[in-house]
There are 2 protein chains.
Amino acid sequence: MKTKDELPVCPVATAVSLVGGKWKLLIIRNLRMRSWRFNELQRDLEGISQKVLTDSLRQMMDDGLVYRHDYQEMPPRVDYSLTELGEKLLPIMDALADFGNYYKSAIK
Amino acid sequence: MKTKDELPVCPVATAVSLVGGKWKLLIIRNLRMRSWRFNELQRDLEGISQKVLTDSLRQMMDDGLVYRHDYQEMPPRVDYSLTELGEKLLPIMDALADFGNYYKSAIK
């Protein structure tokens, strides 16, 4: 997890440093629904590489936004979900969805 | 401007396709305050290249989010601002700012 000193002064820039980039926002969109396994996420997020998905999940885990649940089963079962802190991202998701819907209604 | 058929079905993915990426969100953060000249934006957005700023502004102009005002003066005077459609992005900016502030208060 970053310390306060490592984050930008601007709160928008702070949020962008944590979840900016296309893929993180789309991963969060999925995780808000339920827990997802890695392979499920990769299948659903068309075009994401294994490396980018791994890195994105790892960064969001480091930043305290995503929780990795290892069920300690055989065969291995692991899934990812939002932490309580990660759930604070949901208003951003709602605002993105509202804008997406508005934009589509506004254009031809 | 894209047509409806060119946009993803998912409204979050639609919004991300329009403003996803670190720099567009930071440009919009600035343009919400007032009109900005190109050189001003480039100075303020530390680390952005001329090409990325040009491309980002052009894409957002194509998508109807940003307006380029050429005052037809000599020496040339041009600035950029949000269109009415672009102002519909402001709830996203507010949600990002709220999250950034919350995150900073939540971490050490």
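Remember, predicted model here, so these are calculated numbers, not experimental data.

**A word on the environment of Val52 of chain A**
With respect to the helices and strands, the residue Val52 of chain A is situated in helix α4 (residues 50–62). Considering only alpha carbons, one finds Val52 of chain A and Lys24 of chain A, 28 residues apart in sequence, at a separation of 9.5 Å.

**Regarding the relation of the copies chain A and chain B**
When chain A is fitted to chain B, the best match, at an RMSD of 0.0 Å, comes from turning it 180° and sliding it 0.0 Å along the axis. These values place the two chain copies in the arrangement generated by a two-fold rotation axis. It is Gly21 of chain A whose C-alpha, among those of chain A, lies nearest the rotation axis, at 2.1 Å. A share of 100% of the interface residues of chain A reappears at the interface of chain B, consistent with the copies meeting face to face through the same patch.

**Points about the packing of aromatic side chains**
Residue and element names in this part refer to chain A. Overall, the coordinates contain two aromatic pairs over all chains when judged by the stated rule. For the ring pair Phe99 and Tyr103, a centre distance of 5.8 Å and an interplane angle of 40° mean the geometry is tilted. A residue pair is termed a helical-turn pair when its members lie 3 or 4 positions apart in one helix, as Phe99 and Tyr103 do in helix α6 (residues 90–106) at four residues. The pair formed by Phe99 and Tyr103 is uniform in burial state, with each residue classed as buried.

**Quick look at the UniProt feature "domain: HTH hxlR-type" (unreviewed entry) in chain A**
With numbering aligned to this structure, UniProt lists the feature "domain: HTH hxlR-type" (unreviewed entry) at residues 10–108 of chain A. Between the end C-alpha atoms of residues 10–108 of chain A the distance is 36 Å, and the span holds 61% helix and 10% strand.

About the cut-offs
- Residue positions within a chain follow its written sequence, with the count starting from 1.
- Key to labels: chains lettered from A, ligands numbered from 1, both in the order written.
- It should be noted that, the model being predicted, local features are given only for residues of pLDDT at least 70 and side-chain atom pairs only at 80 or more, the latter also being counted only at that level, while totals for whole chains, interfaces and linings use all residues.
- With hydrogens and water set aside, each side-chain value is computed from the structure's full complement of heavy atoms.
- Starting at the N terminus, helices and strands are each numbered in turn, a helix being any DSSP run of H or I of at least four residues and a strand any DSSP run of E of at least two.
- The copies were overlaid by least squares, fitting only the C-alpha atoms of residues that reach a pLDDT of 70 or more in each copy.
- For this analysis, residues touch if any pair of their heavy atoms sits within 4.5 Å.
- Pairing of aromatic rings covers Phe, Tyr and Trp, the last through its six-membered ring, and needs centres within 6.5 Å; plane angles under 30 degrees mean stacked, over 60 mean edge-to-face, and all others mean tilted.
- We call a residue buried when its accessible area falls under 20% of the maximum for its residue type, exposed when it is over 50%, and partly exposed in between, using a 1.4 Å probe and counting protein chains only.
- UniProt positions are given in the numbering used here, feature names are shortened, and annotations may be inferred rather than shown by experiment.

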